[in-house]
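Observations on chain architecture
One-letter residues, chain by chain:
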Amino acid sequence: MAKPLRVALYFNLALIHHQGMANGIISYARERGNWELCGAYWPMGQIDDFRTWDGDGIIAAVETDDDIAMLTRSGRPVVDTSGAILDPRLSLVTNDNREIGTIGGTHLADNGLEHFAFCAAAGSRWSEERLGGFEQATRRYRTGRLAVFCRRIDWWHRPEFSQALADFLLRQPKPLGVMAANDYVGMNVIGACRLAGLRVPDDVALVSVDNEVLMCELSDPPISSIPFDRHEIGLRSAERLEVLMRHMLPSMPALRIRPQPLVERASSSIIAVADPLVGEALTLIRARAVDNLSAGEVAAILHTSRRNLERRFRSGVGRTVLEEIHRTRIKQAKQKLRDHSLSIKRVAMLSGFRTLDRFVAIFTRYTGMTPSAYRQRYAGRPGLDPTG
């Protein structure tokens, strides 16, 4: 019988996202059957000193230069799931952080906002990448420059809210779309808005990252957040480490895992358009898109001509009325596809599509995958947060 591979996990299991990644690693280890897991912050098989550890490989969430120095002393291959610091000795498997920034920026821009800010974690590569994606996604919609408030991650974890952040938010034009680097930063933005007397989402619309469900739901108002695929990152990290250990490789190219769809909550529920007719149309579409609503019916309900509505709607949001109806229905369908008790045909009907073929065609056009593929990707694996 082959000797088991001893794998160390260097995670803080008090953190929910570290638990999710560990869950993916455990799934892989059970499937392989020849992995023994141990490590720092691990309830069994504690490692006191990586320099004298006689294992085979390490999967870690590397946050500091001290982490790198300690883990690489072992001489074993290391897969990093954090991406806070890039180092050629580490094989990186982490979020596609630039795509996360793009999702956040697109969501706020779609709500008609023209002024944007990003609250960043200084010194963290993942935050810089999210900022880059956000900047690019909002560029064509922005009136003026992108405002950035940047502090180190330990600053964001302080118990008290910051007057400096409140003053920063007060100085920005309103309404303002803010993306927070993660949910802890997002909670600080909510607190600073309260200090400054700013209304969320009317004055400041907010999205953040990680979808720590309890934190986001307990916030007042609840925070819209982008989940990353913790289970998938853990699983792919384990696969990478297996290759490194088997073939005695020092490292492998980075692998970036796509995030899950944004979970929309009250913090970003705003329609910020200057044209009142366009605002009424957006409100109507979001309320009744699943009721077989057509572009002509929207115009009739608002007592205007189809031509006038289409001209002003395209000028206001950059899309046709029908495109907005489709986008709203697809958003509804994505949520319903996570419920495995609903058939694909039933999801189509509940989302406002009269036929299954029409649903599949439009869903595929807007998302790049079929409804069945979407369901399998985002709701078909054990260990995924069903609210994400």
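All of the points below concern the structure found in this document. (Residues numbered from 1 in each chain as written. Predicted model: local features only at pLDDT ≥ 70, side-chain atom pairs only at ≥ 80, totals over all residues. Heavy atoms only, no water.)

**A look at the pattern of salt bridges**
Enumeration according to the criterion identifies 21 salt bridges in this entry. Residue Asp54 is joined to Arg6 by a salt bridge in which the shortest nitrogen-to-oxygen separation is 2.7 Å. Of this pair, Asp54 sits in the loop between strand S2 (35–38) and strand S3 (57–60) while Arg6 sits in strand S1 (residues 5–10); the two residues are 48 residues apart in sequence, bridging distant segments of the chain. With a shortest N-O distance of 3.0 Å, Arg199 and Asp203 are connected by a salt bridge. Overall, Asp203 belongs to the buried group, its relative accessible area being 13%. Among the charged side chains, a network of salt bridges with common partners joins Asp110, Arg319, Glu324 and Arg327. (Salt bridge = Lys/Arg side-chain N within 4 Å of Asp/Glu carboxyl O. Helix = DSSP H or I, 4+ residues; strand = E, 2+ residues; numbered from the N terminus. Buried < 20%, exposed > 50% of the residue type's maximum accessible area, 1.4 Å probe, protein only.)

**Topic: the pairing of strand S5 (residues 90–95)**
Of all six residues in S5, six are buried, a share of seventy percent or more. As paired strands, strand S4 (residues 78–80) and S5 are joined by three bridges and run parallel to one another. What sits directly across from Asp80, in S5, is Leu92. (Pairing = 2+ DSSP bridges.)

**A word on the packing of aromatic side chains**
Per the stated rule, a full pass over the model turns up 10 aromatic pairs. Judged by centre distance (5.1 Å) and plane angle (65 degrees), the ring pair of Tyr28 and Trp35 falls under edge-to-face. Given the relative accessible area of 9%, Tyr28 is considered buried. When the centroid spacing of 5.6 Å and the interplanar angle of 80 degrees are considered together, the rings of Phe363 and Tyr374 count as edge-to-face. Separated by 11 residues along the polypeptide, Phe363 in helix H15 (residues 356–367) and Tyr374 in helix H16 (residues 371–379) bring together distant segments of the chain. What makes Phe363 buried here is its relative accessible area of 0%. Given the relative accessible area of 2%, Tyr374 is considered buried. One aromatic cluster is present, built from ring pairs that chain together Phe149, Trp155, Trp156 and Phe168. The cationic tip of Arg329 hangs over the ring face of Phe353; the distance from NZ or CZ to the ring centre is 5.8 Å. (Phe/Tyr/Trp six-rings, centres within 6.5 Å; stacked < 30°, edge-to-face > 60°. Lys NZ or Arg CZ within 6 Å of the ring centre and 35° of its normal.)

**Quick word on the sheet that holds strand S9 (residues 204–209)**
The strand order across the open sheet built from five strands is S7-S6-S8-S9-S10, with neighbouring strands paired in parallel fashion. The open sheet has two edge strands with one neighbour each: strand S7 (147–152) and strand S10 (224–226). With strand direction ignored, the average angle separating the axes of adjacent strands in the sheet is 20 degrees. Against the sheet, helix H6 (residues 163–171) engages strand S6 (115–122), S7 and strand S8 (176–180), with an angle of about 170 degrees to S7. (Axes fitted to C-alpha atoms, helices over the stretch in contact; angles between N-to-C directions. Contact = heavy atoms within 4.5 Å.)

**Looking at the nonpolar core**
Generally speaking, nonpolar side chains in soluble globular proteins are found buried as a group. Counting residues in each nonpolar core, the largest one holds 46 residues, and the members touching the most others are Cys119, Leu165, Leu169, Val178, Met179 and Val189. Membership of the second largest hydrophobic core comes to 21 residues, among which are Met21, Val79, Leu241 and Met245. (Core = buried A, V, L, I, M, F, W, Y, C linked by side-chain atoms within 4.5 Å.)

**Some points on the sheet that holds S5**
The strand order S2-S1-S3-S4-S5-S11 describes an open sheet built from six strands, whose pairing is parallel. Because the sheet does not close on itself, it has two edges, and the strands there are S2 and strand S11 (255–257). Recorded for the sheet is a direction-independent mean angle of 20 degrees between the axes of neighbouring strands. Bridging between S1 and S3 involves four bridges; their strand directions are parallel. Following the sheet pairing, Tyr10 is matched in S3 by Ala60. Helix-sheet contacts for helix H1 (residues 16–32) involve S1, S2 and S3, and the interaxial angle to S2 is about 150 degrees. In the packing of helix H9 (residues 230–247) onto the sheet, the strands contacted are S1, S2, S3, S4, S5 and S11, and the crossing angle to S5 comes to about 165 degrees.

**Things to note about helix H12 (residues 306–317)**
Over its 12 residues, H12 runs 16 Å from end to end, which matches the ideal 16 Å to within 8%, given 1.5 Å per residue. Residues Asn308, Leu309, Glu310, Phe313 and Val317 constitute the buried set of H12. In this fold, the buried residues of H12 make contact with helix H10 (276–288), helix H11 (295–301) and helix H13 (321–337). In the segment just after H12, Gly318 is the residue with positive phi, at about 80 degrees. (Expected span 1.5 Å × (residues − 1).)

**Quick word on the pairing of S8**
Extensive coverage of S8 is indicated by the burial of five of its five residues. Covered by surrounding structure in S8 are Leu176, Val178 and Ala180 together with Gly177 and Met179, the residues of both alternating faces. Bridge count for S6 against S8 is five bridges, and the pairing is parallel. Across the sheet, Phe118 pairs through a bridge with Met179, a residue of S8. Of the strand pairs in this sheet, S8 and S9 are connected by four bridges, and their pairing is parallel. Looking across to S9, one finds that Val178 is bridged to Leu206. For the segment spanning S8, helix H7 (residues 183–196) and S9, crossover handedness is right-handed. (Right-handed = clockwise from strand over helix to strand, strands pointing away.)

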